[in-house]
Amino acid sequence: MKIRREDLQAAADAGVLNPLEIDGLLAFFNQHYAKSPQASSARFSGTHVLYYLGGMLAIGAASLFATLAIEAAGMGALLVLSLLYAAGALWLAVRLEKNGFVIPAGILATLSLALVPLAVFALQHLLGFWADGERAQHYRDYHRYIDWRWLVMELSTLAAGAVMLWRFRYPFLMMPIAVTLWYMGMDIVPALILQSGGNESDWFSGAAWELRKVVSLAFGALMLLLAFAVDLRTRRHQDYAYWLYLFGLLTFWGALSLMGSGQLAGKLVYLCINFVLVFIGALLGRRMFAVFGGIGIALVLGDLSWRMFKDSLAFVLVLTLLGFGLIGLGVWWSKHEARISARLRGFLPRDLRELIEARRA
């Protein structure tokens with residue numbers, strides 16, 4: 001049930017509620033329902049589409065497009081305008097939250113967080129940093145190039161994100177945090193190369209490329225573990241782990257898919273890992289694991305079928321059989337899922353059982 005201001009006003013008009021208590025009660029109910037499990041499933045409505053579309057346009061304009069015009073006025077203007085923009089978005093978020101508009105408040109809070117790297121970028125230029133960085137002269141390059149110079153901006157964004165989450169508790173705030181962690185997993189490699197005695201010309205060598213894949217794989221795995229820890233801690237509230245899972249999978253699975261020498265043994269290992277991802281997705285109730293794992297399985301099976309039955313009509317037959325086989329496996333699983341899942345959950349720790357049950361609900 002959603003408590004509206006009109007309902008509280010009607011109660012006040014009927015004499016059963018003090019009119020001075022309306023704002024306080026409305027804020028309490030909004031926070032209460034925002035923390036309930038039912039609030040985590042956002043309804044797909046025209047209003048929500050407009051909220052998120054407007055928010056993403058504002059974030060894009062602030063972090064990508066508007067900087068072209070602002071940078072022409074100098075880094076000082078960029079710093080002042082980004083701080084004013086962030087403060088204005090933060091003020092609106094607080095006002096909307098008090099009036100019960102939780103979703104737009106969360107979007108505007110996210111907008112203010114997305115402006116943190118822009119402000120830090122301008123501040124570092126004013127302090128004389130990055131004078132030697134050819135790929136760090138424009139803020140748009142933050143989203144285009146891999147460079148160790150972005151690490152300060154990323155660490156600042158993570159610190160600000162922690163403060164914002166402590167204040168607002170909106171799951172959408174995890175989106176810029178997850179993107180920042182994704183960027184950091186790539187930008188940390190040039191720093192490692194410089195620390196080992198290399199220079200910028202070594203960033204794109206074959207050895208650096210292999211290092212990028214290993215670091216991305218490890219960073220993605222750490223993001224997934226962090227997402228799982230967040231999922232356990234917030235299993236009874238809103239879904240704060242979604243964006244961490246998404247970008248953690250993107251980092252981990254992307255690096256994994258680029259690894260390997262093309263040998264059969266490596267493909268079989270890759271196939272097994274993707275089956276594990278599908279199993280984890282079924283266990284945790286996270287469809288994105290099944291999506292990434294399913295794509296990986298399809299890539300391996302398709303490649304093996306192509307190599308074994310190249311230029312043969314049997315290739316079409318094998319792919320068809322594989323497809324029907326997976327569909328049949330899904331039908332069998334749907335019939336026995338409840339019994340198998342209940343038996344498997346009996347071996348799991350209590351916290352993990354509660355997480356699975358909450359996500360399935």
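Along every chain, residues carry numbers that run from 1 in the direction the sequence is written. The predicted origin of the model limits local features to residues at a pLDDT of at least 70 and limits the giving and counting of side-chain atom pairs to 80 or more, whereas totals for whole chains, interfaces and linings rest on all residues. As a convention, hydrogens and water are excluded, and side-chain values are obtained from all of the structure's heavy atoms.

- The name an unreviewed UniProt entry assigns to the chain is DUF2157 domain-containing protein, from the organism Noviherbaspirillum saxi.

**Considering the side chain of D239**
- Note on placement: D239 falls in the loop between α9 (206-233) and α10 (242-258).
- Of note is the side chain of D239, whose polar atom sits 3.3 Å from the backbone nitrogen of A241.
- Think of a polar contact as two N or O atoms within 3.5 Å of one another; within protein, one of them needs to be a possible hydrogen donor and the other a possible acceptor, and neighboring residues in sequence only count if both atoms come from side chains. In terms of polar contacts, D239 uses its side chain to reach the backbone amide nitrogen of Y242, at 3.4 Å. Secondary structure elements are defined from DSSP: runs of H or I of at least 4 residues count as helices, runs of E of at least 2 residues count as strands, and each element is numbered from the N terminus.

**Focus on the confidence of the model for the chain**
- Confidence of the prediction at every residue is given by pLDDT, a number between 0 and 100. Taken residue by residue, the chain gives an average pLDDT of 79. The fraction at 70 or more is 78%.
- Looking at the elements of the chain, mean pLDDT is at its lowest for helix α2 (residues 22-34), recorded as 66, and at its highest for helix α7 (residues 151-168), recorded as 93.
- For the stretch residues 35-44, pLDDT sits under 50, and the model shows 16 contacts to residues farther than four places along the chain or on other chains. Whether two residues are in contact is decided by their heavy atoms: any pair within 4.5 Å suffices.

**Comments concerning the nonpolar core**
- The criterion is simple. A nonpolar core is a set of buried Ala, Val, Leu, Ile, Met, Phe, Trp, Tyr and Cys residues joined through side-chain atoms within 4.5 Å. Burial classes: relative accessible area under 20% of the type maximum marks a residue as buried, over 50% as exposed, and values in between as partly exposed (1.4 Å probe, protein chains only). If you look at the biggest cluster of nonpolar residues, it comprises 72 residues, and the most contacted ones within it are F121, M153, L173 and Y245.
- The greatest single-element share of this core, amounting to nine residues, is contributed by helix α8 (residues 174-195).
- These domain limits were set by an automatic method or by a database of domain assignments. Each of domain 1 (47-166) and domain 2 (321-360) accounts for three or more of the residues forming this core.
- Counting residues in hydrophobic clusters, the runner-up holds five residues, among them L8, A12, I22 and L26.

**What to know about unusual backbone geometry**
- Notably, R169 is not glycine yet its phi reads approximately 60°, a positive angle.
- In this structure, R169 sits in the loop between α7 and α8.
- Here R169 falls in the partly exposed class, since its relative accessible area comes to 45%.

**A look at the packing of α9 against α10**
- Where α9 contacts α10, the axes come no closer than 7 Å and their chain directions differ by 150°. The orientation of α9 relative to α10 falls into the category roughly antiparallel. Here α9 and α10 pass one another in a crossing that is left-handed.
- Each residue is assigned to one class: nonpolar for Ala, Val, Leu, Ile, Met, Phe, Trp, Tyr, Cys and Pro, charged for Asp, Glu, Lys and Arg, and polar for all the others, Gly among them. When the residues that make up the contact of α9 with α10 are grouped by side-chain class, the tally is 17 nonpolar, four polar and two charged. For every element, the axis is a line fit to its C-alpha atoms; helices are fit only across the contacting stretch, and the angle between N-to-C directions ranges from 0 to 180 degrees. Throughout, the term roughly parallel applies to angles under 35 degrees, roughly antiparallel to angles over 145, roughly perpendicular to angles from 65 to 115, and oblique to all others. Crossing handedness: left-handed means the near helix sits turned counterclockwise from the far one by under a right angle, and right-handed means the same turn made clockwise.

**Side note on the pattern of salt bridges**
- Salt bridges, as used here, are contacts in which a Lys or Arg side-chain nitrogen is within 4 Å of a carboxyl oxygen on Asp or Glu. Scanning the model with the defined rule gives six salt bridges in all.
- When the shortest N-O distance is used, the salt bridge between R167 and E97 registers 3.1 Å. Taken together, the positions of R167 in helix α7 and E97 in helix α4 (residues 75-98) put the pair 70 residues apart, joining distant regions of the chain.
- For D231, the salt bridge is made with R286, and the minimal N-O distance between the two is 3.1 Å. Highlighted residues: D231 in helix α9 and R286 in the loop between α11 (264-284) and α12 (287-308), separated in sequence by 55 residues. As far as the burial class goes, D231 and R286 line up, both buried.
- One salt-bridge network, held together by shared partners, links D231, D239 and R286.

**What to know about a nonpolar patch on the surface**
- For patches, a residue must show more than 30% relative accessible area and have no salt bridge; joins then use 9 Å for like charges and 5 Å for nonpolar side chains, namely Val, Leu, Ile, Met, Phe, Trp and Tyr. Note that accessible areas follow from Shrake-Rupley with a 1.4 Å probe, and for residues the cover is restricted to the protein chains shown. Side chains of V80, L81 and L84 sit close together on the surface and give an oily, nonpolar patch of about 280 Å² of accessible area.
- Of note, L84 is situated in helix α4.

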